[in-house]
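Okay, here's what each chain looks like letter by letter:
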Amino acid sequence: MNDMTVPSPDQATRVPPPAPLGMLAELTHRCPLSCPYCSNPVELDKRSGELDTETWKRVFSEAASMGVLHLHLSGGEPTARKDIVELTAHAVKVGLYTNLITSGIGVQREKLEELADAGLDHVQLSIQDALPDNADKIAGLKGAHEKKRVFAGWVLELGLPLTINAVIHRGNIENIEALVSMALEFGARRVEIAHSQYYGWALENREMLMPTREQVMRAAATVDRLREELEGKLVIDAVVPDYYARRPKPCVGGWGKQSLNVTPQGKVLPCHAAETIEHLQFDYVTEKSLSEIWTNGSAFEAYRGTSWMKEPCTSCPRKEIDFGGCRCQALAITGDPRNADPACSLSPFHAKITSLAMKAAAKDGTDYIYRRFGAKPGQARVEITRNNAPV
Amino acid sequence: MTEVASTATPKLPRGVRLRRDEVRDEWLLLAPERVLKPDAIAVKVLELCDGQRTVEGIVDELAAAFAAPREQIDTDVKKMLADLANKRVLDLA
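Everything numeric here is computed off the predicted structure, so don't read it as measured data.

Basis of the calculations
Residues numbered from 1 in each chain as written. Chains lettered and ligands numbered in written order. Predicted model: local features only at pLDDT ≥ 70, side-chain atom pairs only at ≥ 80, totals over all residues. Helix = DSSP H or I, 4+ residues; strand = E, 2+ residues; numbered from the N terminus. Rg over C-alpha atoms; globule rule 2.2 N^0.38 Å. Buried ≥ 20, exposed ≤ 12 C-beta atoms within 10 Å, placed from the backbone. Contact = placed C-beta atoms within 7 Å. Pairing = 2+ DSSP bridges. Axes fitted to C-alpha atoms, helices over the stretch in contact; angles between N-to-C directions. pLDDT = per-residue confidence, 0-100. Core = buried A, V, L, I, M, F, W, Y, C linked by C-beta atoms within 7 Å. Expected span 1.5 Å × (residues − 1). Arc of directions from axis to C-beta. Right-handed = clockwise from strand over helix to strand, strands pointing away.

1. Quick notes on the overall build of chain A
Assigned secondary structure in chain A consists of 15 helices and nine strands. Over its C-alpha trace chain A gives a radius of gyration of 20 Å, about what one expects of a compact globule, namely 21 Å for 391 residues. Taken along the three principal axes of its C-alpha coordinates, chain A extends 55 × 50 × 50 Å. The 391 residues of chain A split such that 51% are buried. Of the contacts made within chain A by residues no fewer than 6 positions apart, 73% connect residues no fewer than 24 positions apart.

Pasting the structure below:
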């Protein structure tokens, strides 16, 4: 692994990175749902290690003064934090655009009203499927879907704008049109049709989630048609399924370029899955300022810009467009995070990712490994046979 | 494409904010998962989208302020408002 040493930038000529646009605050990993596609790490942070209220408030202040625009209050389920209203009010006060990313479960109407009064800008609600029984099965909680419907009603009554987020996989990919109709029925202005990305729990569940190439092609055609039909009524944003792609996604808009994540314990990451790159050293907000971490943190510097790249990226005309795709996926599938994302057809590992997708899609069934505390990467399957699935 | 009536009273809905960004020294329109960068004229238009003024009224004010042909402003403003309404970042009602 010696060849993965991070090149140290020339401090003398170095231009500081532009300010980040968005910050994902993973306030807690606690969540009433157990979705098998969860992007949280397999090894979840425990409640006892979560940052306290004052630290989060300081981090929000620092983010705002650095130039962060959007603050995504996420988790886990962010409303599981008792101080969610206080945290939201503070974020609003310092000028951040606040987006609550919620399951809608366990949130009382009074709590949502307090959040609206605190100045919350927007609510993003997850929906697992248009068919209630299947939605509950995916979420790992009976009755979850109906609670979400009620929650969406409150969001509307309180005058808050609503986005519905639906993670798409084999278990619901045939129901995209019904999901979009449901988003309209729930009163959403925007819907995210987000194909599962295979990190964290989703990677553990890849064989249970992967659709076939034909399903993916049909899904894309459906989304295109609906987008045209619903223009001006509903914005449809799509996250593409990259195992079947020809070009990689510009992951997080470029490493250390647009956004950052803060974990429940205060670890600052360039992306959700960055901790899977084991040689990276991450800084904590309890030890350094957010600005210092963003500007000089070694994990952010590691793959910022293009100087870390290898061929075929180095000479690629698209290197400033997709930044070589995703480092975590490059590591997971090729063994080296500096390689081109194998989703790119120019990658020598492209055939491998296609073959992985096709093999996974050929498996049958939805015997999910549900998200839970106490699991370790690669061992979630073993754990679940001892501790039965939640539904 | 959405038709914009002269009698419409456009406004930014909750969840869409026009704000001056002091760090980047520019005007921004913040919406869910979107950052739009309105130019100086667009900012003028958006500042008048208060849910009270009609499109007609907005066009009149801009024509007076910029001493420009009213017809041209009418076309440009309606095109801009229609585009923003399609993106669901502006309510026309």
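2. A few points about the interface of chain A and chain B
Counting residues at the interface gives 18 residues for chain A and 16 residues for chain B. At the level of secondary structure, the elements contributing two or more residues to the side of chain A that touches chain B comprise β3 (97-102) and β7 (235-239) of chain A.

3. Describing the sheet that holds strand β1 (residues 17-21) of chain B
Residues and elements named next belong to chain B. Taken in spatial order, the three strands of this open sheet run β1-β2-β3, and their pairing is antiparallel. Pairing within the sheet leaves two strands with one partner each, and these edge strands are β1 and β3 (34-36). Across this sheet, the average inter-strand angle for adjacent strands is 35°, counted without regard to direction. Sheet topology note: the strand β2 (residues 26-31)/β3 ladder contains three bridges and is antiparallel. Across the sheet, residue Leu 30 finds its bridge partner in β3, namely Val 35.

4. Focus on the confidence of the model for chain A
With 93% of its residues at a pLDDT of at least 70, chain A reaches an overall mean of 92. With pLDDT under 50 throughout, residues 382-391 of chain A is counted as low confidence; its partners more than four residues away or in other chains account for 16 contacts.

5. Description of the nonpolar core
One finds A:Leu71 and A:Val191 to be the most contacted residues of the largest nonpolar core, which totals 132 residues. With residues near it in sequence (within four places) discarded, A:Val191 still touches A:Thr163, A:Ile164, A:Ala166, A:Val180, A:Ala183, A:Leu234 and A:Ile236.

6. With respect to the sheet that holds strand β5 (residues 162-168) of chain A
Residue and element names in this part refer to chain A. Spatially, β7-β6-β5-β4-β3-β2-β1-β8-β9 is the arrangement adopted by the nine strands of the open sheet, whose pairing is mixed. Of all strands in the sheet, those bounded by a partner on one side alone are β7 and β9 (268-269). As paired strands, strand β2 (residues 70-74) and β3 are joined by four bridges and run parallel to one another. When the sheet's bridge partners are listed, His 72 is paired in β3 with Asn 99. Across the sheet, helix α5 (residues 144-157) touches β4 (122-126) and β5, and the angle it forms with β4 is around 170°. Seen against the sheet, helix α9 (residues 213-229) touches β5, β6 (190-195) and β7 and runs at an angle of roughly 160° to β7.

7. Overview of α9(A)
Residues and elements named next belong to chain A. If you check α9, its first and last C-alpha atoms are 25 Å apart, about what 17 residues at 1.5 Å a residue would give, namely 24 Å. Along α9, the positions that sit buried rather than exposed are Val 216, Ala 219, Val 223 and Leu 226. One face of α9 carries all of its buried residues, which in axial projection span an arc of 90°. Seen from the buried face of α9, the exposed residues on the opposite side, beyond 90 degrees, are Glu 214, Met 217, Ala 221, Asp 224, Arg 225, Glu 228 and Glu 229. As for α9, its buried residues are in contact with β5, α6 (176-185), β6 and β7.

8. Quick word on unusual backbone geometry
Cis peptide bonds are those with omega within 30 degrees of zero, and the linkage from A:Gly75 to A:Gly76 qualifies with 5°. Mapping A:Gly76 onto the fold places it in the loop between β2 and α2 (84-93). The omega torsion of the bond from A:Glu311 to A:Pro312 falls at 10°, within 30 degrees of zero and hence cis. As for its placement among the helices and strands, A:Pro312 is situated in the loop between α11 (298-302) and α12 (319-322). Phi at B:Ala67 takes a positive value of approximately 45°, unusual for a residue other than glycine.

9. Some remarks on the pairing of β4(A)
Residues and elements named next belong to chain A. Taking burial as the measure, the five residues of β4 include five buried ones, the bulk of the element. Judged from the four bridges that link them, β3 and β4 form a sheet pairing that is parallel. Residue pairing in the sheet places Ile 101 in a bridge with Gln 124 of β4. As a crossover connection, the stretch from β3 through helix α3 (residues 109-117) into β4 is right-handed. The pairing of β4 with β5 spans four bridges and is parallel. Looking at the pairing, Ser 126 lines up with Asn 165 of β5.

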